[in-house]
Amino acid sequence: MYQRSVADYWNAEKNPVNLRLGEVDGIYHHHYGIGEADWSVLDGPESTREERVVAELHRLECAQADLLMSRLGPLGPDDRVLDAGSGRGGSSIVANLRFGCQVDGVSISESQVAFANEQARRRGVGERVRFHFRNMLDTGFPSGGYQAIWNNESTMYVELSLLFAEHSRLLARGGRYVCITGCYNDAYGLPSRAISQINAHYICDIHPRSTYFRELSANRLVPVDVVDLTAAAIPYWELRAKTSLATGIEQAFLDAYSNGSFQYLLIAADRV
């Protein structure tokens, strides 16, 4: 089963680029960064170079999370939100710190769920931020119970028709859905070689841009904001490629972004 292979991958995954960055401040993200990089971190004493690079990469990934949070709309302590494909829990904890809201995170990786719940406990927010071993395509949560839902680089692991149907069921009328995702550019044609390398590396299936908008519309999710973050994502990959934290996939991302076959988008949509 494909979902089982994805779960196995993330249960076993212990890439330093995911773990070392989270150690900076205890916020463990599982996504990439945006914004101009501070290249001065590569200069200076060699003995502290990696520490400087780790802090800068973490700053860039936190900027990405902050941008996503800024599109979730007005939220408060009485609101309930869902982090679909919650990884090690960073975005969920950020949402609670920012809005005070109740957060449910779901993942098919048992190890990630356990890790994320431990992080919430350590921060003293375990009663407000909870992670569940569930499939985001069929959460079992009550219909209309959420004011906001997001996917942060997790939509490429599922069929969008099924995902957006579940999100539409879960969102209250007027609720907000936000995703940040890599998608392949329909105008380029078929997926490029670099995209095929990314798919193989992460055991995922990157969707064409058009599929997002078709399936959002089919499931009563009307886009209100679309931001092309492709150019903003490139510095993160350029910096990461120059460090010991590189995993070997960096050049594929840079090639796909530069040849126009791959785009990094933020899409916000309202449930109507």
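Up top is the structure.
Everything quoted here is computed from the prediction, not taken from an experiment.

S.K.: Got a minute to help me understand helix α4 (residues 90–99) in this structure?
M.R.: Think of an α-helix as 3.6 residues a turn; residues three or four steps apart then line up on the same face. By the criterion of burial, α4 is predominantly enclosed, with eight of the 10 residues buried. Along α4, the residues classified as buried are Gly90, Ser91, Ser92, Ile93, Val94, Ala95, Asn96 and Phe99. Buried residues in α4 make contact with α3 (49–70), β1 (80–84), β2 (102–107), α5 (110–122), β3 (129–133) and β4 (146–152). One or two steps after α4, the chain reaches Gly100, where phi turns positive at roughly 80 degrees.

S.K.: What's the story with helix α8 (residues 209–218) in this structure? I'm lost.
M.R.: Looking only at α8, the buried set comprises Thr211, Tyr212, Glu215 and Leu216. Projected down its long axis, α8 shows its buried positions confined to an angular sector of 125 degrees, all on one face. Away from its buried face by more than 90 degrees, α8 exposes Ser217 and Ala218. Those residues of α8 that are buried lie in contact with α6 (160–170), β5 (171–184), β6 (221–228) and β7 (262–271). Once α8 ends, the next one or two residues include Arg220, with phi positive near 60 degrees.

S.K.: What is the right way to look at the side chain of His132 in this model?
M.R.: For His132, the position within the fold is in strand β3. In this structure His132 comes out as buried when scored by relative accessible area, which is 17%. A distance of 2.8 Å separates polar atoms of two side chains, one belonging to His132 and the other to Asp104. Filtering out sequence-adjacent residues up to four positions away, His132 remains in contact with Asp104, Gly105, Val106, Ser107, Val113 and Phe141.

S.K.: Any chance you could explain the pattern of salt bridges here in plain terms?
M.R.: Two side chains with opposite charge may pair up if their charged atoms get near one another. Overall, the coordinates contain 12 salt bridges when judged by the stated rule. Of the charged contacts in the structure, one is a salt bridge between Arg80 and Asp104, with a shortest N-O distance of 2.6 Å. Taken together, the residues Arg80 in strand β1 and Asp104 in strand β2 connect sequence positions 24 residues apart. The partner of Glu118 in a salt bridge is Arg121, and the shortest N-O contact between them spans 2.5 Å. Here Glu118 pairs with Arg121, and both are found in helix α5, just three residues apart, close to one helical turn. According to the relative accessible area criterion, Glu118 is partly exposed, its value standing at 27%. Owing to a relative accessible area of 53%, Arg121 belongs among the exposed residues under this scheme.

S.K.: What am I meant to see in the packing of helix α9 (residues 230–241) against helix α10 (residues 250–258) here?
M.R.: Packed helices, taken two at a time, are described by the angle their axes make and the gap between the axes. In contact at an axis separation of 9 Å, α9 and α10 are set at 150 degrees when each is read in the N-to-C sense. When the axes of α9 and α10 are compared, the pair comes out roughly antiparallel. The two elements α9 and α10 meet at a crossing, and its hand is left-handed. For the pair α9 and α10, the contacting residues are Thr230, Ala233, Ile234, Trp237, Glu238, Arg240 and Ala241 in the first and Glu250, Phe253, Leu254 and Tyr257 in the second.

S.K.: Sorry if this is basic, but what is going on with the environment of Asp38 here?
M.R.: Structurally, Asp38 can be placed in the loop between α2 (16–22) and α3. Among residues more than four places away in sequence, those in contact with Asp38 are Glu56 and Arg59.

S.K.: How do you make sense of the pairing of β2 when you look at a structure like this?
M.R.: Within a regular strand, side chains alternate between the sheet's two faces. Buried residues dominate β2, accounting for five of its six residues. With five bridges joining them, β1 and β2 adopt parallel strand pairing. From the neighbouring strand, Asp83 faces β2, where its bridge partner is Gly105. Handedness of the β-α-β unit built from β1, α4 and β2 comes out right-handed. Bridge count between β2 and β3: five bridges; the pairing is parallel. Across the sheet, Asp104 pairs through a bridge with Arg130, a residue of β3. Read as a crossover between parallel neighbours, the route from β2 over α5 to β3 is right-handed.

S.K.: Sorry if this is basic, but what is going on with the state of the cysteines here?
M.R.: Tallied over the full model, the rule gives zero disulfides. Cysteine Cys62 is unpaired, with the sulfur of Cys101 as its nearest cysteine sulfur at 17 Å. Take Cys62: its relative accessible area is 19%, and that puts it in the buried class. Cys204 carries a free sulfur, and the closest cysteine sulfur to it, the one in Cys183, is 12 Å from it.

What counts as what
- Residues numbered from 1 in each chain as written.
- Predicted model: local features only at pLDDT ≥ 70, side-chain atom pairs only at ≥ 80, totals over all residues.
- Heavy atoms only, no water.
- Buried < 20%, exposed > 50% of the residue type's maximum accessible area, 1.4 Å probe, protein only.
- Helix = DSSP H or I, 4+ residues; strand = E, 2+ residues; numbered from the N terminus.
- Contact = heavy atoms within 4.5 Å.
- Arc of directions from axis to C-beta.
- Polar contact = N/O pair within 3.5 Å; in protein donor to acceptor, adjacent residues only side chain to side chain.
- Salt bridge = Lys/Arg side-chain N within 4 Å of Asp/Glu carboxyl O.
- Axes fitted to C-alpha atoms, helices over the stretch in contact; angles between N-to-C directions.
- Parallel < 35°, antiparallel > 145°, perpendicular 65-115°, else oblique.
- Left-handed = near helix turned anticlockwise from the far one by under 90°.
- Pairing = 2+ DSSP bridges.
- Right-handed = clockwise from strand over helix to strand, strands pointing away.
- Disulfide = S-S within 2.5 Å.

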